[in-house]
Every structure is written in C-alpha cells, then in structure tokens.
Amino acid sequence: NGSNSSAACELCPAGTASATRGAESSETCSPCRPGTVAATAGRAECASCEPGTFSVAGSDSCSECAAGTYAANPGQGECVPCPHPLSSVNGSTTCSFCMANFYLRNTSADPGDMFTSPTEFCKPCPPDADCPDNTTLSSLVLPRGFWRASPSSAV
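Definitions and limits used
- Residues numbered from 1 in each chain as written.
- Predicted model: local features only at pLDDT ≥ 70, side-chain atom pairs only at ≥ 80, totals over all residues.
- Heavy atoms only, no water.
- Helix = DSSP H or I, 4+ residues; strand = E, 2+ residues; numbered from the N terminus.
- Buried < 20%, exposed > 50% of the residue type's maximum accessible area, 1.4 Å probe, protein only.
- Contact = heavy atoms within 4.5 Å.
- Core = buried A, V, L, I, M, F, W, Y, C linked by side-chain atoms within 4.5 Å.
- Polar contact = N/O pair within 3.5 Å; in protein donor to acceptor, adjacent residues only side chain to side chain.
- Disulfide = S-S within 2.5 Å.
- Phe/Tyr/Trp six-rings, centres within 6.5 Å; stacked < 30°, edge-to-face > 60°.

Trainee: Which residues make up the overall build of the chain, and what values do they have?
Mentor: Check the secondary structure of the chain and you find 2 helices and 12 strands. Going residue by residue from the N terminus, the α and β elements of the chain occur as β-β-β-β-β-β-β-β-β-β-β-α-α-β. A burial count over the chain gives 32% of its 155 residues as buried. Of the contacts formed within the chain by residues at least 6 apart in sequence, a portion of 35% connects residues at least 24 apart.

Trainee: Help me get a handle on the environment of N101, residues and values and all.
Mentor: Here N101 shows up in the loop between β10 (97–98) and β11 (102–104). Owing to a relative accessible area of 53%, N101 belongs among the exposed residues under this scheme. Taking C-alpha positions, N101 is 6.1 Å from P124, a pair spaced 23 residues apart along the chain. Once you skip the residues sitting within four places of it in the chain, N101 turns out to touch K123, P124, C125 and C131.

Trainee: Go over the nonpolar core, please, and point to the residues and values.
Mentor: Core analysis: the biggest nonpolar cluster contains 11 residues, these being Y70, C82, L86, C95, C98, F102, L104, A109, M114, F121 and C122. Formed by 6 residues, the second largest nonpolar core is a distinct cluster that contains A129, C131, L137 and L140.

Trainee: Give me the lowdown on the environment of S18, citing residues and values where you can.
Mentor: The topology assignment puts S18 in the loop between β1 (16–17) and β2 (30–31). Spatially, the C-alpha atoms of S18 and G42 are 7.7 Å apart, while their sequence positions differ by 24 residues. Not counting residues within four places of it along the chain, the set of residues in contact with S18 comprises C12, T28, C29, R43 and A44. Within polar-contact distance, the side chain of S18 engages the backbone nitrogen of T20 at 3.2 Å.

Trainee: Let's hear about the state of the cysteines: which residues, and what values?
Mentor: Evaluated as defined, the whole model comprises 7 disulfides. One disulfide in the model links C49 with C62; its S-S distance is 2.1 Å. The chirality of the disulfide connecting C49 with C62 is left-handed, given an S-S dihedral of about -95 degrees. On the criterion of sequence distance, the pair formed by C49 in the loop between β4 (47–48) and β5 (53–54) and C62 in the loop between β5 and β6 (63–64) is long-range, its members being 13 residues apart. Its relative accessible area of 30% is what places C62 among the partly exposed residues. Put simply, C98 and C122 are joined by a disulfide, and their sulfur atoms are 2.1 Å apart.

Trainee: Let's hear about the packing of aromatic side chains: which residues, and what values?
Mentor: All chains considered together, the criterion is met by 1 aromatic pair. For the pair Y70 and F115, a centre-to-centre distance of 5.4 Å together with 85 degrees between the ring planes defines the contact as edge-to-face. Here F115 lies in helix α1 (residues 111–116) and Y70 lies in strand β7 (residues 69–70), a separation of 45 residues in the sequence. With a relative accessible area of 26%, F115 lands in the partly exposed category.

Trainee: Help me get a handle on unusual backbone geometry, residues and values and all.
Mentor: Of the consecutive residues H84 and P85, the connecting peptide bond is found in the cis state with omega at 0 degrees. Secondary-structure assignment places P85 in the loop between β8 (80–81) and β9 (86–87). Unlike most non-glycine residues, N101 shows phi in positive territory, near 75 degrees.

Trainee: I'd like a description of the side chain of S88, backed by residues and values.
Mentor: Structurally, the position occupied by S88 is in the loop between β9 and β10. Only 3.0 Å separates the side chain of S88 from the backbone nitrogen of G68, close enough to count as a polar contact. Here T69 takes part through its backbone oxygen, which lies 2.7 Å from a polar atom of the side chain of S88. Apart from the residues within four sequence positions on either side, S88 is in contact with A66, A67, G68, T69, C82, T94, C95 and F97.

Dropping the structure here:
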C-alpha cells in the first residue's frame, strides 16, 4: 500500500470539528463553540443551532429552550429569561404571553409592544381569580361563588 505509518486516520469526535486536511493528531479537533454543534464525527465545521434552541461548548446536539426562556437568533449559547411578567413554551423564539398570576389585558396587543413594555399589557391576577400561564382578560377563572361585571372586566 506504500504507507509506512501504522496509525490510521481518525475522525474528530462529535462535538468537535477540524478544517485541517491531513492532520497528524487530534489536536486540530476544536470543540464547537457555544451555540454550534457537530452532530457526527468527522465534521469540518460546526453548525449553528436554530432559533429556540441552544448548545454549550463541545456539543453534538442543540437543546430546546425551557419554558420561560427564549432564543431569538440562530447560534445562541444560552437561552434568555423572558422579561417579567412574560413567559414562553419550550423551544420559543420570543416570549408571547403572560406568566402565571398575571393576565393579558388587551388580546389585540402587538407582540413587539408586549415584549418591549410587558407590564403595560400583563396585569396582576385579581384577588380570588385563577391566572395560569397565558390567561387573558376574557379567560380569567373565578372560583365558585364569585362573579364579575363582564368578560371585559377584571372584577
């Protein structure tokens, strides 16, 4: 075969990449930076995680952002907590509803405006009402024996 070397070529492991051809050691294999992954061995470069996901350094897969956090851009190394009192579902790219114990006063609110000024749109749950995640003014849950003036009033 013409080769005197007893060492076989080895691929960089998953979670690392090397653009160096014909390298003589694994030292050219660099861990993927946060927000990027190498899902399989032998990658020349790491790929960015999609929005709504993240990865730590040296990862072979992206993870979904947890509820209450978001990743708006590709290649994020961590998810960002939602601004109080907004929340999100797993894998979100933005925070689009009010968290538990708050309700959305205006369902026609622009999501961008909500994100910029969340306390203008998400109001504290009224006493004796139940406000799970994503409660709106019209979906406020009142306990048995309580009433309110109309679906468009908080009390």
